[in-house]
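This is what each chain is made of:
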Amino acid sequence: MSGMVSFRVRRPYFAAIKAGTKVVEVRRRNVYWQRVMNRGPREAVFVCGKDVHRRVISVILWRESVLDIGIQNCLPREMRDKVNEDVGPGPVIAFFLDDEIRRKRTTMRIEAG
């Protein structure tokens, strides 16, 4: 993977991403997110409190509004209006999500000696 991007998300969104029912993360298009997109991240790291979940980014698209990404097919019904309200009108960047990335926890053993 060529890079990763971290998203801070609210609990309902985190749960839906983890369950695989929310398959797109949408952000308002601005200088910061344009730079992120130009780096071509392949891994999305979602953080909610102390919980972390990783997914592969399959496609990144620029759209003129949230409605142009087809959220009716990408989000659970109860989240559609909330996402539109949270992001607001105007240009967006849509990060389409694919498989979960599982990482093994590693522990380091230090021996005195």
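Residues numbered from 1 in each chain as written. Predicted model: local features only at pLDDT ≥ 70, side-chain atom pairs only at ≥ 80, totals over all residues. Heavy atoms only, no water.

Empty space within the second largest pocket amounts to approximately 220 Å³. Residue lining of the second largest pocket: 13 residues in total, with Tyr13, Glu25, Val26, Arg27 and Asp86 positioned closest to the centre. Elements supplying a minimum of two residues to the lining of the second largest pocket: β2 (24-28) and α4 (77-87). Here the lining of the second largest pocket gets four residues from one element, more than from any other, and that element is β2. Looking at the lining of the second largest pocket residue by residue, the classes come out as seven nonpolar, no polar and six charged. (1 Å grid on protein atoms, 1.4 Å probe; cavity = no way out; pocket = protein on both sides within 12 Å on 5 of 7 lines; lining within 4 Å. Points joined across faces, edges and corners; volume = space filled by probe spheres on them. Helix = DSSP H or I, 4+ residues; strand = E, 2+ residues; numbered from the N terminus. Nonpolar A, V, L, I, M, F, W, Y, C, P; charged D, E, K, R; others polar.)

Below, the discussion takes up the confidence of the model for the protein chain. Should pLDDT be low for a region, the predicted coordinates there are not to be read in detail. Averaged over all residues, the pLDDT of the protein chain equals 83, while 85% of them reach at least 70. Within the protein chain, the lowest mean pLDDT, 67, falls on helix α3 (residues 71-74), and the highest, 96, falls on strand β3 (residues 43-48). (pLDDT = per-residue confidence, 0-100.)

What follows covers the sheet that holds strand β1 (residues 4-8). The strand order across the open sheet built from five strands is β1-β3-β4-β5-β2, with neighbouring strands paired in mixed fashion. Pairing within the sheet leaves two strands with one partner each, and these edge strands are β1 and β2. Ignoring strand direction, the axes of neighbouring strands in this sheet form an average angle of 35 degrees. Where β1 meets β3, five bridges bridge the pair, whose relative direction is parallel. Note that in β3 the partner of Met4 across the bridge is Glu43. Strand contacts of helix α1 (residues 11-19): β2, β3, β4 (51-63) and β5 (92-100), with the helix running at about 85 degrees to β4, the strand carrying the most contacts. (Pairing = 2+ DSSP bridges. Axes fitted to C-alpha atoms, helices over the stretch in contact; angles between N-to-C directions. Contact = heavy atoms within 4.5 Å.)

We now examine the nonpolar core. Phe7, Val24, Val26, Trp33, Phe46 and Phe95 are the most contacted members of the largest nonpolar core, which has 29 residues in total. Of all the secondary-structure elements, those providing two or more residues to this core are β1, α1, β2, α2 (31-39), β3, β4, α4 and β5. Per-element tally for this core: the top contributor is β5, with six residues. (Core = buried A, V, L, I, M, F, W, Y, C linked by side-chain atoms within 4.5 Å. Buried < 20%, exposed > 50% of the residue type's maximum accessible area, 1.4 Å probe, protein only.)

Bringing the pattern of salt bridges into the picture now. As enumerated under the stated definition, the model contains six salt bridges in all. Among the salt bridges present, the one from Arg27 reaches Glu25, with a minimum N-O distance of 2.7 Å. Here Arg27 and Glu25 have matching classes, each one buried. Salt bridges sharing partners connect three or more residues here, namely Lys22, Glu25 and Arg27. (Salt bridge = Lys/Arg side-chain N within 4 Å of Asp/Glu carboxyl O.)

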